[in-house]
Amino acid sequence: MAMGLASSRGARRGRGGRRRPMSEINVTPFVDVMLVLLIIFMVTAPLLTAGVPIDLPDSRAAQLSNEQQQVTISIDEAGYVYIDDAPVELGDLPQALESLPRAGGEGPDITLRADRALDYGRVMAVMGELNRAGLNRISLITNSAAPASVNNRSSGAE
C-alpha cells in the first residue's frame, strides 16, 4: 500500500520532486489582443486606399469592382509619378513597369489616378509608357459624387 502511494506521488511531481509544467495555455489574452488588432485594421484600411493626395476629376461613370491584382499609378498636381505610393522618375518609369509582377503572362490591372489640374499630355505620356510595357488594362479613376460638367457649344445661330 505504501508503494502505491509513493508511486502516485512520484508520477504527479515528476523527477526530482519538482512539479510538472502546465500543458494548458490561457488563450483569453491572445483573443483580446487579436480583436483589438482586428478593429484597428478595420478602421484604418479604408483610409489607406489612396496614399498620394490627388484632386480627382468628377465623372458619372459606374464604379469598378476591386480586382485582386491591381497596381495604382498616381500622378500628382506637380506631375510626379507614383507606383503604389512609391515615387518614380519619369525616365525610370519603363524599368519600373517592367519589374511589375506578371501572373499568367498578363500584367496586373492598372488603376491610373491623375490630378485634374494636370496637362493632358502628361497623362498621355504615362499611358504611352504603360502601353509600351504591355499593360493595356487601364482604369482611369475619378470622383463619382458630382455629375460631370459638359460644355455645350452652340452651332453659331442664335
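Quick note: structure is the one above.
These lines cover the structure that appears in this document, whether it is placed above or below. (Residues numbered from 1 in each chain as written. Predicted model: local features only at pLDDT ≥ 70, side-chain atom pairs only at ≥ 80, totals over all residues. Heavy atoms only, no water.)

A closer look at the side chain of glutamate 129
Our working definition: A run of H or I in DSSP counts as a helix once it spans at least four residues, and a run of E counts as a strand once it spans at least two, with each numbered from the N terminus. Accessibility here uses a 1.4 Å probe with only protein chains present; expressed as a share of the type maximum, an area under 20% marks a residue as buried, one over 50% as exposed, and anything in between as partly exposed. Two residues form a contact once any of their heavy atoms are found within 4.5 Å.
Take glutamate 129: it is sitting in helix H4 (residues 120-132). Residue glutamate 129 is classed as buried on the basis of its relative accessible area of 18%. When sequence neighbours within four positions are dropped, the list of residues in contact with glutamate 129 reads Leu93, Pro94 and Leu97.

Regarding the sheet that holds strand E4 (residues 109-114)
The following threshold applies: Two strands qualify as a pair provided DSSP detects at least 2 bridges between them. For helices, the fitted axis covers only the stretch in contact; all axes are lines through C-alpha atoms, and the angles between them, taken along N-to-C directions, range from 0 to 180 degrees.
What the 5 strands build is an open sheet, ordered E3-E2-E1-E4-E5; its pairing is mixed. In the strand order of this sheet, the two ends are held by strand E3 (86-88) and strand E5 (138-141), each with one partner. Here the strands of the sheet are splayed against their neighbours by 30° on average, with no regard to which way each runs. Sheet analysis places strand E1 (residues 70-75) next to strand E2 (residues 81-83), joined by 3 bridges and oriented antiparallel.

Describing the pattern of salt bridges
Put simply, the rule reads: Salt-bridge detection follows one rule: a side-chain nitrogen of Lys or Arg within 4 Å of a carboxyl oxygen of Asp or Glu.
Evaluation of the coordinates by the stated rule reveals 2 salt bridges. For the salt bridge of arginine 132 with glutamate 129, the shortest nitrogen-to-oxygen distance reads 3.6 Å. You can see arginine 132 and its partner glutamate 129 sitting in helix H4, 3 residues apart, about one turn around the helix.

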